[in-house]
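Structural overview for review
Chain by chain, the residues:
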Amino acid sequence: MWLLIAFLLLLAATVAILAPFFRAATSAAPDVDVDPTLLALYNRRDQLYQAIREAKFDLDTGKLSPEDYERHVANLKRQAASVLKAIDRRQAALATAELDAQVEEMVRQERKSRPAFSAQPAMATLSASAGATGTSAARYCPQCGARVQAKDRFCPACGARLL
Ligand SMILES: [Zn+2]
């Protein structure tokens, strides 16, 4: 139980930290505040709390016997407990879904901001070592990453001038 709570807190903190970076992205993610399932659960919980207060009032005014009151309230509390558990589960599911959406958006942004090749440093090392040895080691276009021949002065794939 405590582990679950710790996990949820961590999740909430992560979402809070990431949120400012993904303002645009979060609009597409499910919103915890307007989730209809969660709202229904909140309503149900409030109804049960209200029913418990009313039972206490009925006990005080003599409309309910102490035995009936005990039985009735025990039943209401059981229901409230299961509603609270459902709220926890729903909140966790929404937080996970929101986090997933943010991670997806992060990956999408990353891909967009990075032109074609993410292995450019490795490529630079490769062509540098090829230059050093002066052999016909593999060469790659710095523009599009296509493999080119040592004799090529222009990339056959994109036409970029090769060094
Ligand atoms: Zn090229």
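Conventions and cut-offs
Residues numbered from 1 in each chain as written. Predicted model: local features only at pLDDT ≥ 70, side-chain atom pairs only at ≥ 80, totals over all residues. Helix = DSSP H or I, 4+ residues; strand = E, 2+ residues; numbered from the N terminus. Buried ≥ 20, exposed ≤ 12 C-beta atoms within 10 Å, placed from the backbone. Contact = placed C-beta atoms within 7 Å. Expected span 1.5 Å × (residues − 1). Axes fitted to C-alpha atoms, helices over the stretch in contact; angles between N-to-C directions. Parallel < 35°, antiparallel > 145°, perpendicular 65-115°, else oblique. Left-handed = near helix turned anticlockwise from the far one by under 90°. Nonpolar A, V, L, I, M, F, W, Y, C, P; charged D, E, K, R; others polar. pLDDT = per-residue confidence, 0-100.

1. Description of the overall build of the chain
Helix and strand counts for the chain stand at five helices and two strands. Put simply, the chain runs from its N terminus to its C terminus through helices and strands in the order α-α-α-α-α-β-β. Burial analysis of the chain (163 residues in total) assigns 7% to the buried set. By sequence separation, contacts in the chain at least 24 residues apart represent 50% of the contacts at least 6 residues apart.

2. Quick word on the environment of T37
Position of T37 among the secondary structure elements: in helix α3 (residues 36-60). Sequence spacing of T37 and Q91 is 54 residues, and the spatial spacing of their C-alpha atoms is 10.0 Å.

3. As for the environment of A160
For A160, the location among the structural elements is in the segment after β2 (147-148). Overall, the presence of 14 C-beta atoms within 10 Å leaves A160 in the partly exposed class. When the C-alpha atoms of A160 and C144 are compared, they prove to be 8.3 Å apart, with 16 residues separating the residues in sequence.

4. Thoughts on helix α4 (residues 66-113)
With 48 residues, α4 should cover 70 Å at 1.5 Å per step; its first-to-last C-alpha distance of 69 Å lies within 8% of that length. Those residues of α4 that fall on the buried side of the exposure criterion are V83, E98 and Q102.

5. Some remarks on the packing of α3 against α4
Contact pair α3 / α4: the axes reach a minimum separation of 9 Å and the direction vectors enclose 160°. Here α3 is positioned roughly antiparallel relative to α4, judged by the angle of their axes. Seen from above, α3 lies across α4 with left-handed handedness. A class-by-class count of the residues in the contact of α3 with α4 yields 18 nonpolar, four polar and three charged.

6. Brief notes about α3
With 25 residues, α3 extends 36 Å from end C-alpha to end C-alpha; this agrees with the ideal 36 Å at 1.5 Å per step. All of the buried residues in α3 are L41, L48 and A55. Two residues or fewer after α3 comes G62, characterised by a positive phi angle close to 85°.

7. Focus: the environment of R90
Relative to the helices and strands, R90 resides in helix α4. The class for R90 is partly exposed, based on 17 C-beta atoms found within 10 Å. Expressed as a C-alpha distance, the spacing of R90 and L38, which sit 52 residues apart in the sequence, is 6.6 Å. Those residues in contact with R90, other than ones at most four positions away along the chain, are T37, L38 and L41.

8. Some remarks on the confidence of the model for the chain
Considering every residue of the chain, the mean pLDDT works out to 80; 66% of them sit at 70 or more. In this model, residues 130-134 is a region of pLDDT below 50 whose contacts with residues beyond four sequence positions or in other chains number three contacts.

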